[in-house]
Structure formats: C-alpha cells, structure tokens
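So the chains spell out like this:
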2 protein chains.
Amino acid sequence: MTRERRRRSGGRRQAADTVPQLPWRHVENHFRPMEVLRPEQLDAVHDYSMRILEEFGIELMNAEARSILEGAGAEVDHTTGVVRMDRGLVEEAIARAPSTFTLTPRNRERALDFGGHSLNFTTVGGPPGVHDCLRGRRTGNHEDYRDLLRLAQSLNIIHMIGNQPTSPQDLPPTTRHLDTYHSTLTLTDRVFMLTAVGEQRALDGIRMAAIARGETLDQLAEHPAAMTVINVNSPRRFDDALTEGLMAMARHGQAVTITPFTLMGAMTPVTLAAALAQQNAEALFGVALTQIIRPGAPVMYGSFTSNVDMRTGAPAFGTPENTKANIASGQLARRYGLPYRTTNANASNVVDAQAAYETEMALWGAVMGGANLVYHAAGWLEGGLTASFEKVILDAELLQSMAETLTPLAVDDESFGLEAMEEVGPGGHFFGTAHTMERYKTAFYQPLLSDWQNRESWEAAGSRDATQRATDIWQQLLDQYEEPAMDPAVREELDAYVARRRERIQSEGLGSE
Amino acid sequence: MTRERRRRSGGRRQAADTVPQLPWRHVENHFRPMEVLRPEQLDAVHDYSMRILEEFGIELMNAEARSILEGAGAEVDHTTGVVRMDRGLVEEAIARAPSTFTLTPRNRERALDFGGHSLNFTTVGGPPGVHDCLRGRRTGNHEDYRDLLRLAQSLNIIHMIGNQPTSPQDLPPTTRHLDTYHSTLTLTDRVFMLTAVGEQRALDGIRMAAIARGETLDQLAEHPAAMTVINVNSPRRFDDALTEGLMAMARHGQAVTITPFTLMGAMTPVTLAAALAQQNAEALFGVALTQIIRPGAPVMYGSFTSNVDMRTGAPAFGTPENTKANIASGQLARRYGLPYRTTNANASNVVDAQAAYETEMALWGAVMGGANLVYHAAGWLEGGLTASFEKVILDAELLQSMAETLTPLAVDDESFGLEAMEEVGPGGHFFGTAHTMERYKTAFYQPLLSDWQNRESWEAAGSRDATQRATDIWQQLLDQYEEPAMDPAVREELDAYVARRRERIQSEGLGSE
C-alpha cells in the first residue's frame, strides 16, 4: 500500500503528531539471572550433552566441514557423515570463543554489544506470510518486506533486523538475497542478519555490509558488522548449505549464532532435561566448528527449545516449558562463557490476549535467563509462519516496557520529596506540588499502545482494543518514516554490486564461485 | 442467567467434557527474588519511611486506636488525629509479627500458608460492575457474585476468595455482608476475605467462619480462618471504619493485610523512591498497630504502588513502575520478616492484548518480588471497576502457567532419554519412541485457554480469539459447577445466624454492639 492509499484508507487514525516512544538505547539487564537448574542438574545436562557428542555424534552433511573437524581430532564416519567429538576437543575449541563481541552497522551509533549485560531485540525473521488488519493475510512480497523494515527503523526499541522479516515470495530465490540486503542497507541503519544458506548468500551480505561501511573485508573482520543464525536440523543434523554459510561467516570474522530447533516431543525426547542436553550438544558442536575455523570468531549460544502439543504435533511457544528452557539455556551459555540468544515466540493465530501472554512468558524467561539477544522479538505470529504488522506494535510495547523495568532506580534525597509530603498532608493529593510539577513529564513510562482512559472516555473514542490501536500506530509510523541518510557514492556502489551480481547469478546460477 | 438460559444461549460451546486444568496445589516459588533496590537504596527507603512516621505521622481517624498507640508510647495530637511513632517503637512492634501464618477454611485441605516460599492467588475483590461478553456490562448483583464464586470454586488455581468479587448492589448495604459471607461459605470451601468496614462486619465474618468450622472463637483465634485487607487512604490516613475492622480482626487473631493505595503522582510524590518510602511508612504503621493490639497476630505487608497517567490522572497498572514497585516491595517486606501481598492489576477496558500484557508484567513483578499473596489475581478489569468473567478465565491461564513455570525440574538419568536419541537418529522424530509414549500424556502443561492449532484448523473451528474462547470456558465451568458438601447442621446454623443478625440490623442498624 502506498503512502497515498494509506492516507485515504478508512481506518480511524491517531492525531498526526509523533508516536511516543523511548529514545534509542542499549538495554542492559543487571538483574541476577534466575536458575531453574540446580548446580548438580546443570552438571548433569553438561555431562549428558558431552555423551551425546562422544557416543552418538552429529550428522554433518558438509564434506569440507567434516574434513576440518577430522583434522582437528574429531572421529568422522564419512559414509554416514556422523562426526563424534570428545569433550576435551569440544571444550578446548569453545574456550577460544569471545565472551562478548560488538557488531557495527553503517551507522556506528547503532553498534550493538552481545554478551555481558547487553539485551538486544530483533524483528521476526523468515515468515513466508504477512498479515495486517487492513489487508488481511497474504504471501509476503518485497513491498511488505520494505514496510516491515520501515517499521523496524521507526521503532527505537528494535535494535536489529532479523533475517528477512518476511521472505519476499515475489523475488526469484537465487537473487532474492541481493534485493533484501539492498533494501535493508538503504531503508535501515541497523545491524542485520544475513541469509547464510550457502556460501554465496553469506559472502554477498558480507561484501555489501563492507561497502555500506566503506571498508575492506579485512576491516570488516576486525570490526564485524553482521550475524547469521544457523539453525540445527534437530535431532543432530547440520545441513549442507547452512554449514557452508557458517564457514563463510566464521572465515570472515562475522558473527554466527548456533540455534538448535528443539521442540520437545518432536525433535527431542519429551523431557526438558533431554531437550537441554541435546540442544547443548548441538549448539556446542556448531560453536566448536566456528572456533576451529577461526579462533576468536564471534559466536553465540542459541536456544529455541519449546514443546509441541502432544495431541496434534503443533508447536507451542510461550509455554511454561519454553519459559523454563529460556532460563535454563542462559545457565548453560554462562557456563561456557558464551553470549546467549533466545526467542519470545507465541503460538497464536491472531493478535489477541494469547499472543500477548505467551510472548510475555517467553520474554520474561529470556530476560531472567540473561539473554543477550531476543530473536523474532517483534512481529512473530502463527508460530512464525506470518509476520504481523500489529504484532510488531504490540511487541514494541512489550519490549519498551521491559527495557524500562530493567532501568535502575534513582534513589536520592530529592527523589524522596519529603517537602511535598509535608505540604500535601494526610488524605491530600500531589498533582499540584512543585516536586510533581518539576518531574511529571518524564516521571513515568509513556506507553506506545496501552490505553489508560477510563471506560467512558475509551468508549467515546470508539471502544478500540489494543489490536485496533496497533493498526493505527503502524500506519502512522509508516506515514512518518524517514529513510536514513546514505552517502550517494556508497549507494551507487551498492546498486552496482547488486546489478553485477544479479547478472552473474542469472547467467551462471548461484553456485559457489 | 440460569443454567437453562445459558444452555439455550447462542454462543458456540466447547465439547461437554471437563475443562482441562491443573489439580489443586500449593504453589511455591523457590526462585531467588529479584532486587531493584541496591542494599544502600533499601536502607534509604527504610530511613525515609521512619522519618515520615517520626516527623509527619499518620492521621488515625479512630479515637480508640489513637489511645492504644498513645498508651504504647506514640505521640498523639488529638486535635488533628495525627500519630507520630519513633522508629524504635515501630521496630519493636513489627518484630512481634509472625513471619509465616496459616489460614484454615472449613475444608482443611484448602488451608493456605502465607510467608516463606508460598504463593497464593485470589479472585478480584470489590468491583461495583460486572462484565461478560454475552450479557455486557452491568451493575454487580448477588447472582453475579454467586456466579463469580462458582467460577472461583471451579478453578483449582484460585486459592482464595477476595473481598466481594463483585459488590452486589441489589443487596442493602447494612446486611449485604451477611449474604455475601453466607454465599461464600456455602458455594466455596476456600479461605476468603472479610469485609472489615466497621467492627460488626468483621465480627459477623469471624463468627460465621467459626460456625462453618464448627469451632469457638478461641479455637478460631488459635488457628485463624480469615483475612481482611485494610487499605490506607494514602497519603497518611487510616479511616475510622477500616481501623475498627482492623482492631476487631487483630483482637480475634485473624489475619490483616495492610495495603497503602499509593498511586505515584496522585497519592504519593511522583517518584518511586518516595512512593516506596510512603508505602512503607503507612504499611508498617498498620502492622505495628496490629501487634500492639495482639502480639503475634497474623499480618501481611501489602503493596499497591503504581502510577497515574500524568496527562489525565487515570490510574495505570502493569506499568514498568508498577512492576518495579512489586519487586522492591518484596525487598522491604523481607527486610522486616513479614509475609508479602501485592497485585497483578491492569488498566484495560476490555479483555484484549493490553489486559494480558499488563497483567503479566505485574504478575512477574509479584513473583520476582517473592509475593506470598497476589490479590485481585483473577477477574480485574477497568482499573478494578469491573469484574470480568472472561478475565477470570484469562487470568486462570496466566496463573496456571506461572505455577507450572515455578515447578522444579526433574533431572534424572531416565529423563535424559539417551536410548531414545540413539533409536531416532539424526533428522528423525521422537513421536513414536517408547520414551515419549511413556511420558507424553503428562509431559507438558495442557493449557486452559491457549489454542495451538495451525491456522487452517483454527479457522475451520471458527477463528475464535482467546477472549471468545474464554466465554465458552466460563459457561462450561458454570454448567459443571458442583457445590462443595456441607454438614446440614452447619448449614442450618449459618442460616439461623444470618436470619438473626439480619433482623437485628434491620431493627437497630449496623452500629457497634
């Protein structure tokens, strides 16, 4: 929908003034993480995960990666592709991984730290579908993709762009990544995730990120710009194309997040203990591979452990099991000194109370687990099959509210306001006191989405629920979106790179170079 | 609405089988509480709260209570009613309060502990309005009250009945408490909150609780049955009738929760530090009064600190400030060794995403604050002006999900399921393994409200959102409600007590005896 069409659309709009939101900030979580695993339970999960790597191994479908691990001392069965690593080798490799790293996009003010107390939020990545309440559900296309980027760029609480907030089905698969990278680099100035399905897609992203920063690949390796998420095909399988991408990223010093996709009952045994052990084995296997390829390469420990509905096999998110997994996985990541990524997903088909409470449960699990990155933090609907415009707004409110909750408290003599208490007296009110007047504009979090009017005023304003108000807000944000400035020479170089590579891929196929 | 009318109603109904829910359980929270106040900040809040009590004092409108405190060493201004207590007196008094206590209703299996790791949930208490999606919004009446009790009794996760889940406006104010106590004691077997507005309403509740247990008032004092919440008219005022109720409860050894109603910016200065100091002063003043009246009487530290919307003055709940207050108040309660009550309120006018996320934020704050009692945990809507049938169901899901998240993890050799991992192999799935088959029925939390169907199945089932499904569920629960058994002699005695007291009040007024 163009700006003009949106302006003409019948939906009731908020006043034209700017949408209230928090300023850009690095969110830090200084709360002590929760622990669902007692120390001896944590040891047991570690021990079983090492047994999985030693006794059963991981099927590594990429032959080059198998050779690399064999050279490092792993036991490789080249017929089945199964690689077994003993715990000494695993522990030696993962010990080389940095405990924190920084990713720097073209706008250096949007650089992000991963590790320690940092907490970063990304858009959803990967849904083939898109939904909003004006236009309904549809297959995602490039303009939807660009609108989702504009929303993300407009919302300060979204630190980072996930891998394709929707996967644009109108673009040819072999060159789609060029267009999505180009859109991401021009419409946003944020760190973004690359599509590392095969070496070439990863390399194109790395080169374009270097162009956008005006730097060489060596400089980019010194100060990495991009990340990719390598999903493990759980149980115990790393596929060929993703492993190629992993190797390309690691070789160029770009960040890799290893995320086993471990739905209990389907991809792992039905217990959380087993799921954690399997997740740990798979994640550490991938982490070790990055460090054997390039010691010190930025890497994250990823978790995506939830359960399925055992009656239907449907995935569930934001469940008690998912919440506990988010907390326990943080204990594991900290045990190995690795930055930690998890997710605040939900299983609702609509932006309703369920979408909100499941997302909150998983988000609190992530925060209490000490996550450094919450992937899919904004826009995830239908178990990840759809990117929802209204869910982006709902999630931005949840994330802002969490960021404010994590902000340390100011406690000083002035803040206690004793003179105001004396002035007001028993049964009085504080609205008019000098202490209040000096502080009221910034005293409290101003919500993006919540409506605190009393019922009469709320009814007079149309009885609009949170989802309907979210429709107003995303429209307003898109109307007010401003493209971040880019040096025309850089833009030209990006355009030329895409044109050159598109032509080459169209004539020769994507392949490996 | 009668059962028959409900059966004829047009709403689509779930299958007639039992609503899935967790069994009755005592929820325990063994997580280490979060801390938003650093140790020196906690000291500062304490110190300022003591200065408030020493320098400004509390207006205590009840003359008898003033005399009692004067006798104990407080400084009383009988003209203004202001009572100042020095910190030595306060600390000496509150040191007598028990760190845990138990309340035992007529069904001894529903006894509840307050303090330590215990976590109890009550219905909403007090709304003058009622709402459900079939019949809309209305003034609460006795049948609504009874339906809300039936819902609470049907839901195992609701441990306790708040003070009048709706306040039945069709009953005369002077005898209303007799009817509500009678309904509560016959329709539920849970601990319940008394209406302690004035001595007589408290005494009627205490006597009726004794009748229901078949015991004397002395036996009841030995093993208390009931609780009341004394709201402070913040800033710094205890009203006459509630203080009468407080004294009656304490004298009879029944539990009192002292809850300052401290909305930052209105009833307290605009900063959280000031609100916490004022809340602490007011709460400890009330706690001290209970202990001066009856050393060792069961008492709780209550918190209801949130903020207002500074543009409109409307109260807000589930905000970052409210969430932090819930956490910080737990630090204060633990400092004094007192059981801790707080709330998971929200400010939405409708059971939507906002209602869900605000409730979750406040609930997580309560849990991370180590709350022993979450009041208004089920049914609160419109800032507490309305009891919502759908919100009861939504909240029951949130509370169940939290209870499951707090359940310790089983980690033993069998749970790791290594034989299943070996059996399944890379890329396989675990649905059919023996390890899964033995465990799948009870492996995961089965939701009350969440719908995990894929979009196609969900659409085929009518595209019903969480709020619409909640309408189905409360109807089903009311249809299946069973009144808990009661000894006919006890029932007769309760009936007779109500008849006798009604007649007396009608002829002589409520008054004091």
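Residues numbered from 1 in each chain as written. Chains lettered and ligands numbered in written order. Predicted model: local features only at pLDDT ≥ 70, side-chain atom pairs only at ≥ 80, totals over all residues. Heavy atoms only, no water.

Student: Lay out the overall build of chain A in plain terms, naming residues and giving numbers.
Tutor: Within chain A, the secondary structure is distributed over 19 helices and 21 strands. Computed over its C-alpha atoms, the radius of gyration of chain A comes to 24 Å, within 12% of the 24 Å expected for a compact globule of 513 residues. Counting only contacts in chain A whose residues sit at least 6 apart along the sequence, the fraction spanning at least 24 positions is 76%. Working note: accessible area of chain A is about 16800 Å², and carbon and sulfur atoms make up 47% of it. (Helix = DSSP H or I, 4+ residues; strand = E, 2+ residues; numbered from the N terminus. Rg over C-alpha atoms; globule rule 2.2 N^0.38 Å. Contact = heavy atoms within 4.5 Å. Areas by Shrake-Rupley, 256 points an atom, 1.4 Å probe, with all protein chains shown as cover.)

Student: Break down the pairing of strand E9 (residues 136–139) of chain B for me, with residues and values.
Tutor: Residues and elements named next belong to chain B. Two strands pair when backbone bridges link them, and strand E8 (residues 129–132) and E9 are joined in this way by four bridges, in the antiparallel orientation. Bridge pairing links Gly129 to Thr139 in E9. In this antiparallel pair of consecutive strands, E8 and E9, the connection spans three residues. (Pairing = 2+ DSSP bridges.)

Student: Explain the interface of chain A and chain B residue by residue, including any values.
Tutor: The interface of chain A with chain B comprises 110 residues on the first partner and 109 residues on the second. For the pair chain A and chain B, the summed buried surface comes to about 9700 Å²; carbon and sulfur atoms form 68% of the total. By the criterion of area lost to chain B, the three top residues of chain A are A:Leu409, A:Phe444 and A:Trp452, representing 9% of everything that side buries. Summed over the shared surface of chain A and chain B, the number is two salt bridges. Our enumeration of links across chain A and chain B arrives at 38 residue pairs in polar contact (both at pLDDT 80 or more). No other element matches helix H12 (residues 353–368) of chain A, which puts nine residues into the side of chain A that touches chain B. Its residues assigned to classes, the side of chain A that touches chain B shows 58 nonpolar, 27 polar and 25 charged. (Buried area = accessible area lost by both parts, 1.4 Å probe. Salt bridge = Lys/Arg side-chain N within 4 Å of Asp/Glu carboxyl O. Polar contact = N/O pair within 3.5 Å; in protein donor to acceptor, adjacent residues only side chain to side chain. Nonpolar A, V, L, I, M, F, W, Y, C, P; charged D, E, K, R; others polar.)

Student: Could you give an account of the packing of aromatic side chains, with specific residues and numbers?
Tutor: As enumerated under the stated definition, the model contains 19 aromatic pairs over all chains in all. Here the aromatic rings of A:Phe416 and B:Tyr48 are separated by 3.9 Å at their centres, their planes lie at 15°, and the arrangement is stacked. In this pair, A:Phe416 sits in helix H14 (residues 413–416) while B:Tyr48 sits in helix H2 (residues 39–56), so the two residues belong to two different chains. Joined through ring pairs, the aromatic side chains of A:Phe261, A:Phe304, A:Phe317 and A:Trp380 make up one cluster. If you follow A:Arg110 out to its NZ or CZ, it ends over the ring of A:Trp24, 4.3 Å from the centre. (Phe/Tyr/Trp six-rings, centres within 6.5 Å; stacked < 30°, edge-to-face > 60°. Lys NZ or Arg CZ within 6 Å of the ring centre and 35° of its normal.)

Student: Can you tell me about the side chain of A:Ser306, naming the residues and giving the values?
Tutor: Residues and elements named next belong to chain A. With respect to the secondary-structure elements, Ser306 resides in strand E16 (residues 304–308). In this structure the side chain of Ser306 is engaged in a polar contact, spanning 2.4 Å, whose partner is the backbone oxygen of Ala316. Not counting the four nearest positions on each side in its chain, Ser306 is found in contact with Thr262, Leu263, Met264, Ala316, Phe317, Thr319 and Asn322.

Student: Explain helix H6 (residues 176–187) of chain A to me, and be specific about the residues and the numbers.
Tutor: Residue and element names in this part refer to chain A. Here H6 contains twelve residues, and its C-alpha end-to-end distance of 16 Å stays within 8% of the 16 Å for a straight helix at 1.5 Å per residue. Buried residues of H6: Arg176, His177, Leu178, Asp179, Thr180, Tyr181, His182, Ser183, Thr184, Leu185, Thr186 and Leu187, and no others. In the core, the buried residues of H6 are packed alongside helix H5 (142–154), strand E10 (160–161), strand E11 (191–192), helix H7 (199–213) and helix H19 (488–508). (Expected span 1.5 Å × (residues − 1). Buried < 20%, exposed > 50% of the residue type's maximum accessible area, 1.4 Å probe, protein only.)

Student: So what's going on with the packing of helix H7 (residues 199–213) of chain B against helix H9 (residues 240–251) of chain B? Residues and values would help.
Tutor: Residue and element names in this part refer to chain B. At their nearest, the axes of H7 and H9 sit 7 Å apart, and the two run at 30° to each other. Taken together, the axes of H7 and H9 are roughly parallel relative to one another. Both H7 and H9 take part in a crossing whose hand is right-handed. Packed against H7, whose contacting residues are Glu199, Ala202, Leu203 and Ile206, the element H9 presents Glu244, Gly245, Ala248 and Met249 at the interface. (Axes fitted to C-alpha atoms, helices over the stretch in contact; angles between N-to-C directions. Parallel < 35°, antiparallel > 145°, perpendicular 65-115°, else oblique. Left-handed = near helix turned anticlockwise from the far one by under 90°.)

Student: Any chance you could break down the nonpolar core for me, citing the residues and the numbers?
Tutor: In terms of nonpolar packing, the biggest core is built from 321 residues, with A:Met85 and B:Met85 touching the most fellow members. Look past the residues within four positions of B:Met85 in its chain and what remains in contact with it is B:Leu53, B:Glu54, B:Leu69, B:Ala74, B:Val90, B:Phe285, B:Ala288 and B:Ile292. (Core = buried A, V, L, I, M, F, W, Y, C linked by side-chain atoms within 4.5 Å.)

Student: Can you tell me about the sheet that holds strand E4 (residues 82–84) of chain A, naming the residues and giving the values?
Tutor: Residue and element names in this part refer to chain A. Ordered by their spatial adjacency, four strands build an open sheet running E3-E4-E2-E13, and the pairing between neighbours is mixed. Edge positions in the sheet fall to strand E3 (75–77) and strand E13 (237–238), since each has one partner strand and no second. Across two bridges, strand E2 (residues 58–60) lies against E4 in antiparallel orientation. Paired with Ile58 across the two strands is Val83, which belongs to E4. Sitting on the sheet, helix H2 (residues 39–56) is in contact with E2 and E4, with an inclination near 125° to E4. Packing of helix H3 (residues 63–72) onto the sheet brings it into contact with E2, E3 and E4, and relative to E2 it is tilted by some 125°.

Student: Describe the relation of the copies chain A and chain B, with residues and values.
Tutor: Superposition record for chain A on chain B: RMSD 0.0 Å, screw rotation 180°, translation along axis 0.0 Å. Classification of the inter-copy transformation places it as that of a two-fold axis. The rotation axis passes nearest to the C-alpha of A:Ala353 in chain A, at a distance of 2.0 Å. When the interface residues of chain A are mapped onto chain B, 99% of them again lie at the interface, so the same face is used by both copies. (Least-squares fit on C-alpha atoms with pLDDT ≥ 70 in both.)

Student: Describe the side chain of A:Arg213, naming the residues involved and giving the relevant values.
Tutor: Residue and element names in this part refer to chain A. Mapping Arg213 onto the fold places it in helix H7. Polar side-chain contacts of Arg213 include one of 2.7 Å to the side chain of Glu215. When residues no more than four places from it in sequence are discounted, the contact partners of Arg213 are Thr104, Pro105, Arg106, Arg108, Gln219, Leu220, His223, Pro224 and Ala225.

Student: Tell me about the confidence of the model for chain A, residues and numbers included.
Tutor: Residue and element names in this part refer to chain A. On average, residues of chain A score 95 in pLDDT, and 96% of them are at 70 or above. The low-confidence segment residues 1–15 (pLDDT under 50) makes 29 contacts with residues lying over four places distant or belonging to another chain. Overall fold confidence for the complex sits at a pTM of 0.96, while the interface term, ipTM, reaches 0.96. (pLDDT = per-residue confidence, 0-100.)

Student: Kindly report on a negative patch on the surface, identifying the contributing residues and their values.
Tutor: All names here are of chain A. Residues Asp412, Asp413, Glu414, Glu419, Glu422 and Glu423 make up a contiguous surface patch of negative charge. Mapped by element, the contributors of at least two residues to the negative patch are H14 and helix H15 (418–424). Examining the composition of the negative patch, we find that three residues originate from one element, H15, more than from any other. Relative to the elements of secondary structure, Glu419 occurs in helix H15. (Patch = residues over 30% accessible without salt bridge, like charges linked within 9 Å, V, L, I, M, F, W, Y side chains within 5 Å. Lys, Arg positive; Asp, Glu negative; His and termini not counted. Charge placed at Lys NZ, Arg CZ, Asp CG, Glu CD.)

Student: An account of empty space enclosed by the protein is requested, with residue identities and associated values reported.
Tutor: Residue and element names in this part refer to chain A. Throughout the structure, instances matching the rule amount to nine cavities of 30 Å³ or more. Of the pockets and cavities examined, the largest cavity occupies roughly 80 Å³. Lining the largest cavity we find 14 residues, and of these Pro105, Arg106, Leu185, Arg190 and Phe192 sit closest to its centre. For the lining of the largest cavity, the secondary-structure elements that each account for two or more residues are H6, E11 and H7. The dominant element in the lining of the largest cavity, judged by the number of residues it contributes, is H7, at three residues. (1 Å grid on protein atoms, 1.4 Å probe; cavity = no way out; pocket = protein on both sides within 12 Å on 5 of 7 lines; lining within 4 Å. Points joined across faces, edges and corners; volume = space filled by probe spheres on them.)

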